[in-house]
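Read off the chains here:
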Amino acid sequence: MSELFRSPFDRDSTAAEVIDGVDLSGKRAVVTGATSGIGVETARALAAAGADVTLAVRRLDAGETVAADLRARSGNDAVHVSRLDVADLDSVNAFTADWSGPLHILVNNAGIMMLPELERGIGGQEQQFATNYLGHFALALGLHRALAEAGGARVVTVSSSGHLFSPVVFDDVDYRFRHYDPLGAYGQSKTAEVLLAVEADRRWSDDGIRANALHPGAIATNLQRHTGGLKTPEPYRKTIEQGAATTVFLAASPLVDGIGGRYFEDVNEAPQVTARPTELGVPGVAPYALDGANAERLWNLGATILS
């Protein structure tokens, strides 16, 4: 295994700090779920660095409000809004069909967490898997040509330490046999997102496309609406500005040029762990989330579901 990547930043670093001095003029970026939380802060940092940013959002009215604020605060008028619901395959396909020209940065940020009851989405799959993984998988596939055209693109997928609660259970991904467990289903979807980065990087690095996944940290956002709010004790929480730092670093920093197929947290590559940590704040990524065979199997499963 290669040596872990270390940056000069840490868990207290903010998105503005990790992108300081980076010029993204002439670069185009798409950020999904950019109407709240770390999605907004990610878009803000990219726009402030000069990128042409598209907020890919479900609600155009909310997106326009955010875009107006970002334009005013960043002084960058190149902040656009397009409708995209990653839980709706027709919406994903419409977005990718409408895109033209190169795409330098794709940030898969949108997501749902711990739906209390079993719901089904794309392809009849369990809804968290369908939204968090399948929707973004379809988006990346549809934008592959644009990413390749950029001549050095990055795909950044926001996963979670929640992946430590479940691997992808290939024999019953969509809970046809197992009793539905909200946390287990969320964990499975987050593992799938890491595996998406692993396999996309393997398949597309020769096209100049590098892909990584990350855990942003514990941040109070709308993501926890089904859990009664963020339960993480205060000392282990991050601000939204800190929570977006790892995403922005992977999307824009020249320090990670040529690096892909990895999982980051606290703006550094996470070490592998042999069991789910029992202490809060202990970093780590499960080996099953980085396993190449799992990544290839999941890619093929996703392709079959979408076909």
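Here, the structure is the one placed above.
As the structure is a computational prediction, the values presented were derived from the model and not from experiment.

### Quick word on the sheet that holds strand E7 (residues 263-265)
Part 1: Overall, mixed pairing links the eight strands, which are arranged E3-E2-E1-E4-E5-E6-E7-E8 in an open sheet. Where the open sheet ends on each side, the last strands, each with one partner, are strand E3 (79-83) and strand E8 (268-269).
Part 2: The strands touched by helix H2 (residues 37-48) are strand E1 (28-32), strand E2 (52-57), E3, strand E4 (105-108) and strand E5 (153-158); relative to E1, the strand with the most contacts, the crossing angle is about 170°.
Part 3: Docked against the sheet, helix H4 (residues 89-98) engages E1, E2 and E3, running at close to 140° with respect to E3.

### Digging into the pairing of E2
Part 1: Buried residues dominate E2, accounting for five of its six residues.
Part 2: Alignment of E1 against E2, held across five bridges, turns out to be parallel. Bridge assignment links Thr32 to a residue of E2, and that residue is Ala56.
Part 3: As paired elements, E2 and E3 share five bridges and run parallel to each other. Each residue of the ladder has a partner; that of Thr54, found in E3, is His80.
Part 4: At this point the chain moves from E2, through helix H3 (residues 60-74), to the parallel E3, and the crossover so formed is right-handed.

### A short note on the layout of surface pockets
Part 1: Approximately 230 Å³ is the volume attributed to the second largest pocket.
Part 2: Along its surface, the second largest pocket is lined by 17 residues, and Lys27, Gly152, Arg154, Ala252 and Asp257 are the ones closest to its centre.
Part 3: Secondary structure elements with two or more residues in the lining of the second largest pocket: E5 and helix H9 (245-252).
Part 4: Considering only residue class, the lining of the second largest pocket consists of seven nonpolar, five polar and five charged.

### Overview of the pairing of strand E6 (residues 209-215)
Part 1: When you tally the buried positions in E6, you get six out of seven residues, the bulk of the element.
Part 2: In this region the chain leaves E5, passes through helix H7 (residues 182-204) and returns to the parallel neighbour E6; the handedness of that crossover is right-handed.
Part 3: Bridging between E6 and E7 involves three bridges; their strand directions are parallel. Paired with His215 across the strands is Glu265, a residue of E7.

Reading the values: rules and limits
- Residues numbered from 1 in each chain as written.
- Predicted model: local features only at pLDDT ≥ 70, side-chain atom pairs only at ≥ 80, totals over all residues.
- Heavy atoms only, no water.
- Pairing = 2+ DSSP bridges.
- Helix = DSSP H or I, 4+ residues; strand = E, 2+ residues; numbered from the N terminus.
- Contact = heavy atoms within 4.5 Å.
- Axes fitted to C-alpha atoms, helices over the stretch in contact; angles between N-to-C directions.
- Buried < 20%, exposed > 50% of the residue type's maximum accessible area, 1.4 Å probe, protein only.
- Right-handed = clockwise from strand over helix to strand, strands pointing away.
- 1 Å grid on protein atoms, 1.4 Å probe; cavity = no way out; pocket = protein on both sides within 12 Å on 5 of 7 lines; lining within 4 Å.
- Points joined across faces, edges and corners; volume = space filled by probe spheres on them.
- Nonpolar A, V, L, I, M, F, W, Y, C, P; charged D, E, K, R; others polar.

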